[in-house]
Structures are given as structure tokens and as C-alpha cells.
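Now for the letters of each chain:
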Amino acid sequence: MTQNRTKAAPNARRVLRRFLVAATATLLAVPVVQGADYSSAVLADGPLAYYRFNDDTGRSNINKNSGSLGAAGNATNDLPTGVVHPFPGAIVGDRNRSQFFDFSTRTEIPWNAGLNPSNTQPFTIEAWFYPASDQINGGQCPINNRYAPSGADRQGWVFFQRAPNLEYTGKPGFEGVGWNCRMYRGSGGSSGLDVVSQVPYEVGKWTHVVVVYDPVDPVTNASLTIYINGVAANTNTWTGGAGGTDPGYAANTDDHPDAASALSIGNYNNTAGTSLNPFFGAVDEFAFYSNKLSAAQILAHYQNGTNANRGTPYDLLVKSDNPVAYLRLDEITPGPDVAVNLGDLRAGGIATHTAEVRHPATSALTGRAGDGAVAYHNRNGRSTTTIPWKAENNGLDPANPGANHAGIPFTFEAWLRPMRDQQGGQAAFNNRWAGGTGRTGWVIFQRNPNLTYPTSEGHGWEFRMYSGNGTGGQDVRTETDYAVGEWGHFVVTWQPEIDNGDPGGNGNNQWQGVLTAYFNGVAVSSNTAALYAANRETTETGAPAADLAMGSYNAASTLGNNPFEGDVDEVAIYNNYVLTPDQILAHYQAGTNSNYGTNYETLVFNAAYDGAGTQRLGPQTYLRFNDPARYPAANSGAVGQVADGNLVLTTNQAAGPRPPAYAGFESSNLAVPLDGLKPWASLNNPSGLNISNQITLEAWIKPDAAQGDRARIISHGPPTISDFLGAATVPDFSLTNSSEVFLGIDGGGANYVVGSSAIVYTDSVNISTNTYMASFPVPAGDLGGGNWIHLVGTYDGANWKLYRNGAPVATNAAAVGALPVDNGDWAIGTTGNGWTNNFAGAVDEVAIYNRALTAGQVQAHHTAGLSGGQLLTLAISGPGGAVTITWTSGTLQESTLVTGTYTNSAAAVSPYTPPSGPTTKFYRLIQ
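Everything quoted here is computed from the prediction, not taken from an experiment.

J.: Which parts of the structure should I look at to understand helix 2 (residues 295–305)?
T.: It helps to recall that an α-helix has 3.6 residues per turn; residues three or four apart then point in one direction. Within the span of helix 2, buried status applies to Ile298, His301, Asn304 and Gly305. For helix 2, the arc enclosing every buried residue in end-on projection is 130 degrees, short of the 170-degree limit, so these residues lie on one face. Buried positions along helix 2 lie against strand 9 (123–131), strand 14 (207–215), strand 15 (222–228), strand 18 (280–289) and helix 3 (314–320).

J.: Can you help me understand the side chain of Glu108 in this one?
T.: Along the chain, the position of Glu108 falls in strand 8 (residues 107–109). A distance of 2.7 Å separates a polar side-chain atom of Glu108 from the backbone nitrogen of Asn270. Beyond its immediate stretch of four places on either side in the chain, Glu108 contacts Asn74, Ala75, Thr76, Asp78, Ala262, Leu263, Ser264, Asn269 and Asn270.

J.: Is there a simple way to explain the nonpolar core in this structure?
T.: Considering soluble globular proteins, one finds that nonpolar side chains tend to be buried as a cluster. By size, the foremost hydrophobic cluster in this structure holds 78 residues, and its most contacted members are Trp157, Phe159, Phe286, Phe288 and Leu342. Here this core takes 7 residues from strand 18, the largest share from any one element. Apart from the residues within four sequence positions on either side, Phe159 is in contact with Ile125, Phe129, Gln140, Cys141, Pro142, Ile143, Asn180, Cys181, Val209 and Val211. Grouped together as the second largest cluster of nonpolar side chains are 43 residues, Ala711, Phe776, Tyr795 and Leu802 included.

J.: Could you clarify how one ought to interpret the sheet that holds strand 24 (residues 385–387) in this entry?
T.: Either a parallel or an antiparallel arrangement is found when strands of a sheet pair, and the pairing is made through backbone hydrogen bonds. The 8 strands lie next to each other as 20-21-24-33-26-27-28-29, forming an open sheet whose pairing is antiparallel. Only two strands of the sheet have a single neighbouring strand rather than two, namely strand 20 (338–339) and strand 29 (473–477). Relative to strand 33 (residues 548–550), strand 26 (residues 426–433) runs antiparallel, the two sharing 2 bridges. Residue pairing across strands places Phe429 opposite Met550, the latter belonging to strand 33.

J.: Help me understand the pattern of salt bridges, please; the structure alone is not making it clear to me.
T.: If charged atoms from side chains of opposite charge come close, those side chains can pair. According to the stated counting rule, one finds 33 salt bridges in the structure shown. A salt bridge links Glu740 to Arg712; its shortest N-O distance comes to 2.8 Å. Linking Glu740 in strand 43 (residues 738–746) with Arg712 in strand 42 (residues 710–716), this pair joins segments that are 28 residues apart in sequence. Shared partners join several salt bridges into a network, and the residues in it are Arg447, Glu457, Glu462, Arg464, Asp475, Arg477 and Glu479.

Conventions used here
- Residues numbered from 1 in each chain as written.
- Predicted model: local features only at pLDDT ≥ 70, side-chain atom pairs only at ≥ 80, totals over all residues.
- Heavy atoms only, no water.
- Buried < 20%, exposed > 50% of the residue type's maximum accessible area, 1.4 Å probe, protein only.
- Helix = DSSP H or I, 4+ residues; strand = E, 2+ residues; numbered from the N terminus.
- Arc of directions from axis to C-beta.
- Contact = heavy atoms within 4.5 Å.
- Polar contact = N/O pair within 3.5 Å; in protein donor to acceptor, adjacent residues only side chain to side chain.
- Core = buried A, V, L, I, M, F, W, Y, C linked by side-chain atoms within 4.5 Å.
- Pairing = 2+ DSSP bridges.
- Salt bridge = Lys/Arg side-chain N within 4 Å of Asp/Glu carboxyl O.

This is the structure:
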């Protein structure tokens, strides 16, 4: 027989389950090594971003209780007319969501003795409140545990939102300032212990509220203390009432002839009939304790919740104090993808996204990492957000929409971040009805960024309103420069002056007035004789009334046409109110200065004051666009939640690398499926990931057989390319200069590549691309073979390198490594902002580092992915020249090359004697 040569794979003595070949008579054994599970191995090497894609995609009307009551303390969203919306949570630096209650919603925990201790027992109630209205008449109720059918002896307690400050004193509904907890005595409708914090709060800002009931003597010496933001604010002590012997509190019982009282969040509970006193705002981290929390514990909760650098997760701190019920309120309710309306239209102004809309994008507001925006990128499909026709969004009197028409003043406000310089009428907003003999409503167009562009329809932002007679528009244009990739604050005010009646004879009431445009806080242009006719609910032709669209034209003007490529944030429409120049400047300054002093959203909520003091006239529609991602991709790397991503047109529903492909990933491990057309994952462009020089890009991929000419697996940039490349008149060069960092496949599936590139546009003719990269031919069987491939690309300061399945496969010296990208996002499965170079296949375990992993670290990651840290041994012996391979468990695989491709050794069981022959073979174990 021919004697086989002995071979060992690289680092065979350091890496678990690595390669050995059939050998001579010398006994060779792989050392037994304790490995780490895959995610621990990755995190140990300090990635800035790491996406496992195992985020929960469930939708439920059940809010899970993690307190001692267990499932008996679960809360159910139970009002069929409303939907509880996910909302950013109260806990700073924690990606946990809260729930927003939009005046038509409620979640309830059924009556339970554990939530209704007798008045001889102490208890504590804790929650975070985010009020979105200053309404004081009507008693908005964020939490309620009161038994209160008509005429009944009331039991339990209720929380009320009272006035934000003393300006409301003496106005209808005024019952103090701050938050109020009121207890009932079981005697008619009489209340007992009643404490109001008397601490002002801000609409649009989270407040931590805790109430402690202390029954030293429930009849003569019980107390109720309210804490605001960790500090005791007020205490009410009960001394027996008028008779001196009446208790100050009677707990709910379940012996009523009708229903027992549920504990309700967002509204009055099931015993209140139709008088629900709904809350308009968000609630988070509700907890009920059957003991008194100490002042120190309460302060610790508040300090933990407001400290992004906390040592203990907030939820673990709460659980350590043994709550009976603890609702994180993190669940997403079933239903369409929507943007919550925080304006006075409330549920009537909810906006619905098409599947292509991406959120949250990076917020327009400086220093607001927890906020978001929406991104519209239309290269890959229709990307639009719509609100059905509402009188309040069309300058009409909602009480009499058939009268007045355009005679109602209004203000439109938004932040805009264009990501493309396309001409042809990109419509960031469209509220136009375009049928019949007279167009109505308005539209906002993006024009040229500056005067270096070819002559067209002007430059800046244009607000065009229609007269109701013919198709002509009445324009006001900013004629100010803006920069692609930068946020701008755009405001338009309409002040009607003259009623022109119905000049077109088609039922459209036309007004003449003053249309003024503001950009970045300053009035920049005005049309003093603009003509306007508002959209009507009953249109001239009987067609549906015009909807309001963001990101493109609306349905009334062919939905999806004239798409806008860019981001939108903080959209507000004020009906019957014109913002003053000072207010507009203040909004701009608050949005661009994280130390302004007043919350941006508080300024918006409180902009229009009616003087009555019972409720300020806020915007009718206010879309903050900070809604959490519908399908999130959480980052577990070092930069944290600022690099959280969101999945577009896909979910993490594919099986990830796991048996039978590889061991080391738990059976629930998931991946992201991508079809090479539209789906992708967006990571935005957080500053912590704007990496220069050294870098590592890592992923497990299962590529499909067919790939485009370029297929990006991970990409940072480039920005969306200018539409004016090669134009006779040269536009602003900076729009066309772009950088990219990439890991992918090029040549229609020919090569794995990693590197960076810079496209430099020096004039209208000379365009150069400088690319620095390493490339490796894709081995046969990788594309469409159904196997998971571990692919890593690095730049170490001198060389771009590629690794496939743990082994180095390509090195290319280059003076340039990773390049920073200012206006292009990070993406998985496509280029930058999601507009081209889509990857087909599945992707998992994506990691981004600001340094080059060593060859040993890359190999260790691959090995950990194969083994999951399990102990395996592989031994080769050759007594008498007959080679025998033995192993403890797993599947033996073989290859003629150390780098693979590896295939299962046919019918191999331990001990195994390979066929004799001159060929050198490498062996490995997988499980």
C-alpha cells in the first residue's frame, strides 16, 4: 500500500475540532480544548456592533407579568376599538419599549387578591408616565384599580393626571398640580386618602411616579405618600374622617354581584361603564408591591432608570424588590405598522406605513439618541406613509367642515433630510386632490440644493397650494441652500384674508391670503396673494377624499409617484393657529441644541395656548416618528442601542447556522432571509460606527446560487449617488464624492471581496473610483450549496485580508483601510441606504469591529461556531502502517485542501480506516 503523509491543519493544537490527515504509524491526537459558545467568543473580542437576529417577532395582546403572581398578573389589551401602540421606553439607554395609550385603549389585569391587599397591609405602586396632553378637565387616568359602578360603594384607588403647573389655577377641572392618587372608602362615592404631588411636570417628558400606602392604623393613622422622580413630594395622613372612626381606604373585594374590579392601565377599568376617563400618553415599567418600598429603594429605581451607565439592569433592580406584578409593557400588539399621532386628533390621526418605510432612522433632534425618524428610499419600491382625510389636517373647522373651507389658518412644520438630489418633483409630502376641474390641497417639493445646479424650478423647498380652479399652484419657495444628508427645519404658515367664494363653480371655496415659508428658524419668503382651496370630504367627482401622504404622492394623486428619497421627522400640523416667528425660531433652536432647556416636543405640545387654561391647543397631527422598529435587530456590541437596526421587508425567520449544518448555535438561533431584490437590514449611521483605518467585518452567510454583479453582505455607504453625474453644468461636487466599506460578493458570484472605495467627481467629465480590497474566488459549492459559510474581512493597517471558514484565503497590501462615510448608512444585504447591490441568501451573526481580528481570533470564532464549546477528541493512529481515525462524537468530514470544501466521510463511524492511496486528506469533526 502507499503510505499516507501526515498533515496538520493550521493551529491544530490550539483550536477545537480542527483538522488532521490520515497519518503514518505515529499516534497523533487533537488536544482536548474547552471552547466557548459562539456569541461569547465574539463578544470577548469586543465588537462595536453584533447582530444575532434572534429578536422576538411575536405580536400579542397580552402584557406579561414577571412579578410573583406569574401569569395571573398578565394584562390584556381589551378595548376592541383601540390599539395599544409600542412607544420608546422610559428607561434611559435601555431598548425596552413602553406602551402608548391613545385615548381609546386599555390593558387590564383581572381581579386578584394579591393586587388588592386589605387596608391593614402596606403596598407600593410604581410606574413611569409620559403625558402627551395637558388636558385637566375630564381627569385623565393612567392607572385605575377602583370598583365604581353607578351608585356602588366605591373601593380601591385611581391615579389622575392633574395640571402641569399653577397657570391652570381656577380653570375648569383644576384639582392641583402634578399626579394624584385617590383612594376610596367603600362608602358611596366618597374618597378617603387623597394625595396630589403638587410638583409640576412637562408634557412630552417621562416622570417616575411612586405611591406608598402605610397603614400604621387604617382608621386613625394611615398615610399615602407620593414620590416624584425619586423624591417624596407630598403625604396625606388619615385621621378617621368626619366620624373619627372611618377607614381611609377600602380594598377591592370580589364578592360583588357584578364583575370584580380589574387593575387597568390607560383608562378606567371594567367597572366604570362608558365613563372611562382615558389617558393620552405612554406608561412604562408598572410594578405593584405588597410591601412598602423605602425612600432609598425608590430613589435607587429613579436613579437607575435615568442613568445609561447603570451597573444593574433596571428590570433586575425592580425584581430584586419582589413585586407582585411587574409589567415591562414591552409587547407589540398585532396590527399594521403605524406611526402614533401625539396630536389632538389622537387615534384619528394615526399614520400607516407601507412595508418599505424604514424606522427608526436617526432623529433630527440633536442629542436625542432615544428618538427616531422615518426614512423613505424608493429605489427598491413604494415607500409611503398615509393618514386618511381629516378636516383638521385640511384647514377646516371640524365642527362644520362644509363651511369656511380654506378660511381657517394653519401651520405646517417638519424636519427634512434629503438623501438624493434628484429633480422632477420629489414630493416629501402630498395632501392634494387632483381630480375634476379644480385641484385642492397642497404638496411639498424638493427643488435644487443650490444654485450650481442646472436651471429648473428653483432651489430649496417649495410649498405649493392649489386654488380649487384648474391645475395651477400657488407657490412659496425657500430659495435657500440645503445639503443632501443634513437635516433642515421647514415651516409654512397660512393666513387667509379674503373669501373668493367659488370661482370655478365646482364647489371649491377659495381664499386669498398670505403664505410664508421659514427655513431653519427664519422667515425666508412669502406669497402675499396666494389662492387656496382646501380638500373637501365630499369631492367634486365623488372620488375618495384626499389622504395625506409622506414620502411620495398620495392616493388621490397616484400613490407612490414622485417619491422622496430621504428622512422625515417631527411632523406637526396646527389647525386654526399660526406659529409666531419667535415660536418657530425656538423650535429650531431646541431641535439643534441638546442643552436648550425645554424639550422640543414640549414646545410643540404647548405651542397654541387658548387662554382657558383647561387644555392648550396642540397640533392636530403630531408624528414624532420615534416608533420602535417593527422588526428590530438589536446590537449587543459595545456601542449599544444607538446601533440597533431594523429589518426592511424581511424578518429574522430563517434558520440560522445550527444542526445539521453546524453545532454551536442553539436550536432557536435564527437568521435573516434575503431574496436579492428588496429585503435588507438597516443599521443607520451612528457616529460610533464611523470607522477609519483598521476594521473587521464578520458574518455567517448561506448564499443563493444566483447573485447580482455586486452583492453586499455588509456595507457602510456609499451615499446615494447624484442624479447629475456627467451633467453639462457641474453641481456641488460634495454630493457625488462618496466612500464605502464593504464585505460582499462581486462578479455575479465570482469572488468574495472586502475593502473600501472612494468615488471622486472632479468635474463633469472626470470621475474616478479608488478601490482598496482583497479578493478570493468563491469555491465551487458555496453558492446555492445550502452550507453556511463563515466569512471575515479585515484591514490591519497595512493589508486587506479575507478569511473563509476560519482560514486565511487572500491578502492584499493597501495604504488605505476603512474610510469614514458621512451620509451613507450601514446596511446588511445591500449598499448603504438600501438602494442597490442586494445579496441573495441568508445572513446571520454579523459583527463589526474597529480593529483587525487576528488569524487566531478568526479561526477561534469559526471553531466556536462549529463546536459550541463542546469537548471533542480526534485521534489518528497507524500501527503496522494501517491508519485508523477515532473520535468521541460528531461527524467526520474530509477534504483534499485544508481550506475546504469539506464533505462527510461516507459511512464513516469511529474507528474508521480510510482507503489507502497517494492522496493527502485533511479531516475534521462537526456536530
